[in-house]
Every structure is written in C-alpha cells, then in structure tokens.
Amino acid sequence: MVYPGAGRAAVSDRSGGLPEGRSPSRRLSCAPRGFRRPSPACVPQPPPLSEPQPVPTPVPEPELEPVSTPEPKPEPKPEPEPPPQPANTRLYVLMYHHFIREGEEYNDWMLTDTRFREDLEWLDSHGYVTVLPSQLAAGEPLPQRAVMLTFDDGYDSNYTLAYPLLQEYQAKAVISLIVKYTQEEVPGFLTWDMCREMASSGLVEFGSHTYASHDEEEHGIKRRWGESREDYEARLFPDLQTSIDRIEENLGSPPLLFAYPNGLKESWAAGFIQDHFAITLTTKHGASDLSKGLYSLNRCNVSMGVPVGDILPD
C-alpha cells in the first residue's frame, strides 16, 4: 500500500531534507555495498609547502663610464702623380773634325784628346745622352737632354784618339765620310777595316759627306757658275750615289745621314737628297727642333776655344 506522501519523502531526502521520524545524525551512504574507506594514513598527502625563499635584491650593475669611440681617421689621399713631362724635341748637334794629341799645334777644326775627354766628362756629369741617326730616323723618343756628336771628313784620328774615349764613356757618334778618301786609302783618313770595327761596337754610325765633291774649291754640292741643271745633275747625283753604294757595300747598310759640305745646300739637289737620306746637317749654329723634321739640322762647332760648356745649357 502506498501511503500518501511517501514519494515526497524520498524526493525530500535526495534534495537534502530528512524524512519524518529519522535521526539527523545518521546519513544515508551512497557508496556501493562492500566499499571500505581507506585509512587517512593511506591517502596520499600533498607535499608540504616549502617556505618561500627570500628574493635576492638585485645588485645594480656599476655604471660604466662611456668609452669614447675614436673617430675614424680619413685615409690619406694618395700623392698625385707628377704630370708626365712633355716629349722633348730639342736636339743639340756638336761638330768635330780632326783630333790631335795634347801639345800639338791646332786650328779651329782640331781638338786635343785631352779636351775631348773633358767634353765627354762634362756631358756625362750634366746628364746629356748621346743619340745616333738610326734612333732619330726610327722616331725613338729623345732623352730630355739629347745631344748628337758628329765627326766630319773621316780622319783616322777619329779611330785612334776619339774612339777609345767613346768606348770609355759609352758615348755615341756619327762619322760623315768623304768616301773617296776611305775608298782609296788616302793617308790620314779612315780605312774600311777601322770603320767596320767601330760600326760593330754599336757606338758609331756612318754618314755621307759626298764621295768626292767636298773638294778644295769648296763648292760642295752648290751649282757652278753658268752650269745648267742637266749638267749639274749629271755631275753631282752619281757622286752622291757612289758614296751611298760604297758605304753600303763595306758596312752592310746605306747611310741615313748626309752632312752638307761647308754647310751649303742646293735646291737642285734637294729632291735627290731627301729621296736617299733621312737626316741632313748644316753648319748653322744653335739647337734644332725635331718637331719641324730631320732635315737641315743646326750644328755647333766645338774647338779648343769653345768647349761644350759654352755651347750647351747647364
């Protein structure tokens, strides 16, 4: 039999209320039958809380003095290269003829071996560099202090007295031969053997001073009074050609240089000379400007009364 209110008591018990007539000290257990509560000692306990450690007071770092950073030094600017020197075109040509030993009598066309040594010493100590016709004809740049030594006529003293001094100072020179005197072995003039020895040294070259037109009448290559151009060319051109041929036959190469006898030029011969020679020399005093060409170069005569120090600038 169901009593009225029984369902409410059960509901009331679930909701936390007690049914009538039941002691409040006894509680209904919801544990399953046979369940035994574990002993408190067997229940794992949480680890004891560790005492809080004191937080260390941070020690302030010592203030560092600011280190000044050196300003970078600017890299030194490279020294500017000196501007290149302009190409030299000035050439001094010195004219010598015959050499004699110290103590012998002399004239304006002679120089003692002692004085020639002094000339070479002066050139060397003042920075002058001797050059040869082949260098000029090849267009080689001139040294800043360029000088060309020229010996006219072809005296044997060029070999016996001057050549040993050229070797000693390693100076260069050109000898302009009156070729007939060498070809015919005239006493007092160079032989072909002497010429070959000097040429093989590389210090001496040879030019033409005509074959036989540098005569005692001193006309040189000038036309004669009343001479026709046809007669002039028939007389002079074979003479010049013979000088060229004999030099080439005996020394292995044709001459590059022609020295006008007595420094006198002739318009009727200009074409022939320019066709056969790269350089011509006069006797006009002074330096030459090679930018104007290699023809009609000036020359300065050196004598016992005029040393090279009086001709060339220090």
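Heads up: the structure comes first, above all this text.
Our subject in this report is the structure included herewith. Note that the structure is a prediction, hence the values are computed from the model and not measured.

Cut-off values and rules
Residues numbered from 1 in each chain as written. Predicted model: local features only at pLDDT ≥ 70, side-chain atom pairs only at ≥ 80, totals over all residues. Heavy atoms only, no water. Salt bridge = Lys/Arg side-chain N within 4 Å of Asp/Glu carboxyl O. Helix = DSSP H or I, 4+ residues; strand = E, 2+ residues; numbered from the N terminus. Buried < 20%, exposed > 50% of the residue type's maximum accessible area, 1.4 Å probe, protein only. Expected span 1.5 Å × (residues − 1). Bend = angle between axes of the 7 residues up to and from the residue. Contact = heavy atoms within 4.5 Å. Polar contact = N/O pair within 3.5 Å; in protein donor to acceptor, adjacent residues only side chain to side chain. Axes fitted to C-alpha atoms, helices over the stretch in contact; angles between N-to-C directions. Parallel < 35°, antiparallel > 145°, perpendicular 65-115°, else oblique. Left-handed = near helix turned anticlockwise from the far one by under 90°. Core = buried A, V, L, I, M, F, W, Y, C linked by side-chain atoms within 4.5 Å. 1 Å grid on protein atoms, 1.4 Å probe; cavity = no way out; pocket = protein on both sides within 12 Å on 5 of 7 lines; lining within 4 Å. Points joined across faces, edges and corners; volume = space filled by probe spheres on them. Nonpolar A, V, L, I, M, F, W, Y, C, P; charged D, E, K, R; others polar. Pairing = 2+ DSSP bridges.

### A look at the pattern of salt bridges
Right, on to step 1. Taken as a whole and assessed by the stated rule, the structure comprises 10 salt bridges.
Right, on to step 2. With a shortest N-O distance of 2.9 Å, D152 and R299 are connected by a salt bridge. Here the residue D152 occupies a position in strand β5 (residues 146-153), and R299 occupies one in the loop between β10 (288-289) and β11 (300-301), the gap between them amounting to 147 residues. In this structure, D152 and R299 share a single accessibility class: buried.
Right, on to step 3. When the shortest N-O distance is used, the salt bridge between E266 and R223 registers 2.7 Å. With E266 in the loop between β8 (257-259) and α8 (267-276) and R223 in the loop between β7 (204-208) and α7 (229-251), this residue pair connects regions lying 43 residues apart in the sequence.
Right, on to step 4. One continuous salt-bridge network, built from bridges that share partners, spans R115, E118 and D119.

### Quick notes on helix α4 (residues 157-169)
Right, on to step 1. In a regular helix each residue adds 1.5 Å, so 13 residues correspond to 18 Å; α4 covers 17 Å between its end C-alpha atoms and thus fits that length.
Right, on to step 2. Residue Y163 marks the point of greatest curvature in α4, where the axis turns by about 40 degrees; the proline P164 follows within four residues.
Right, on to step 3. Taken together, the buried positions of α4 are occupied by S157, N158, L161, A162, Y163, L165 and L166.
Right, on to step 4. For α4, the elements touching its buried residues are β2 (98-100), α2 (113-125), β5, β6 (173-177), α6 (192-200) and β7.
Right, on to step 5. Once α4 ends, the next one or two residues include Q170, with phi positive near 55 degrees.

### A closer look at the environment of Y295
Right, on to step 1. Along the chain, Y295 falls in the loop between β10 and β11.
Right, on to step 2. Residues Y295 and T280, 15 residues apart in the sequence, show an inter-C-alpha distance of 4.7 Å.
Right, on to step 3. Beyond its immediate sequence surroundings of up to four residues, Y295 is in contact with Q274, F277, A278, I279 and T280.
Right, on to step 4. In terms of polar contacts, Y295 uses its side chain to reach the backbone carbonyl oxygen of Q274, at 3.3 Å.
Right, on to step 5. A polar contact is formed between the side chain of Y295 and the backbone oxygen of F277, at a distance of 2.8 Å.

### Considerations on the packing of α7 against α8
Right, on to step 1. For the pair α7 and α8, interaxial distance at closest approach is 10 Å and the crossing angle is 25 degrees. Taken as axis vectors, α7 and α8 run roughly parallel relative to one another. In this structure, α7 crosses over α8, and the sense of that crossing is right-handed. Of the residues in α8, those in contact with R229, Y232, E233, L236, F237, L240, Q241 and I244 of α7 are W268, A269, F272, I273 and H276.

### Considerations on the nonpolar core
Right, on to step 1. Judged by nonpolar contacts, the single largest core of 38 residues is most densely connected at L94, Y96, F116, L149, F151, L177 and L312.
Right, on to step 2. Elements represented by at least two residues in this core include exactly β1 (90-96), α2, β5, α4, β6, α6 and β7.
Right, on to step 3. Setting aside its immediate chain neighbours within four residues, F116 contacts Y96, F99, L111, F151, A162, L165 and L166.
Right, on to step 4. Counting 15 residues, the second largest nonpolar core, distinct from the first, contains V131, V174, I279 and L281.

### Remarks on the side chain of D152
Right, on to step 1. Overall, the relative accessible area of 2% leaves D152 in the buried class.
Right, on to step 2. Within polar-contact distance, the side chain of D152 engages the side chain of R299 at 2.9 Å.
Right, on to step 3. Not counting residues up to four positions away in its chain, the partners in contact with D152 are M95, Y96, H97, S176, H209, A259 and R299.

### Quick look at the layout of surface pockets
Right, on to step 1. What the largest pocket holds in volume is close to 440 Å³.
Right, on to step 2. Lining the largest pocket are 22 residues, and of these H97, D153, Y155, H214 and N262 sit closest to its centre.
Right, on to step 3. The residue inventory of the lining of the largest pocket, partitioned by class, reads 8 nonpolar, 8 polar and 6 charged.

### Some points on empty space enclosed by the protein
Right, on to step 1. Counted under the stated rule, the structure contains 1 cavity of 30 Å³ or more.
Right, on to step 2. By volume, the largest cavity amounts to about 30 Å³.
Right, on to step 3. Together, M95, Y96, H97, H98, D108, W109, M110, L111, N301 and V302 line the largest cavity.
Right, on to step 4. For the lining of the largest cavity, the class distribution of residues is 6 nonpolar, 3 polar and 1 charged.

### A few points about the pairing of β7
Right, on to step 1. In terms of burial, β7 is a largely internal element, 5 of the 5 residues being buried.
Right, on to step 2. Neither face of β7 is exposed, since V204, F206 and S208 on one face and E205 and G207 on the opposite face are all buried.
Right, on to step 3. Across 5 bridges, the pairing between β6 and β7 is parallel. What sits directly across from A173, in β7, is V204.

In short, the description is geometric, and any link to function would need to be established separately.
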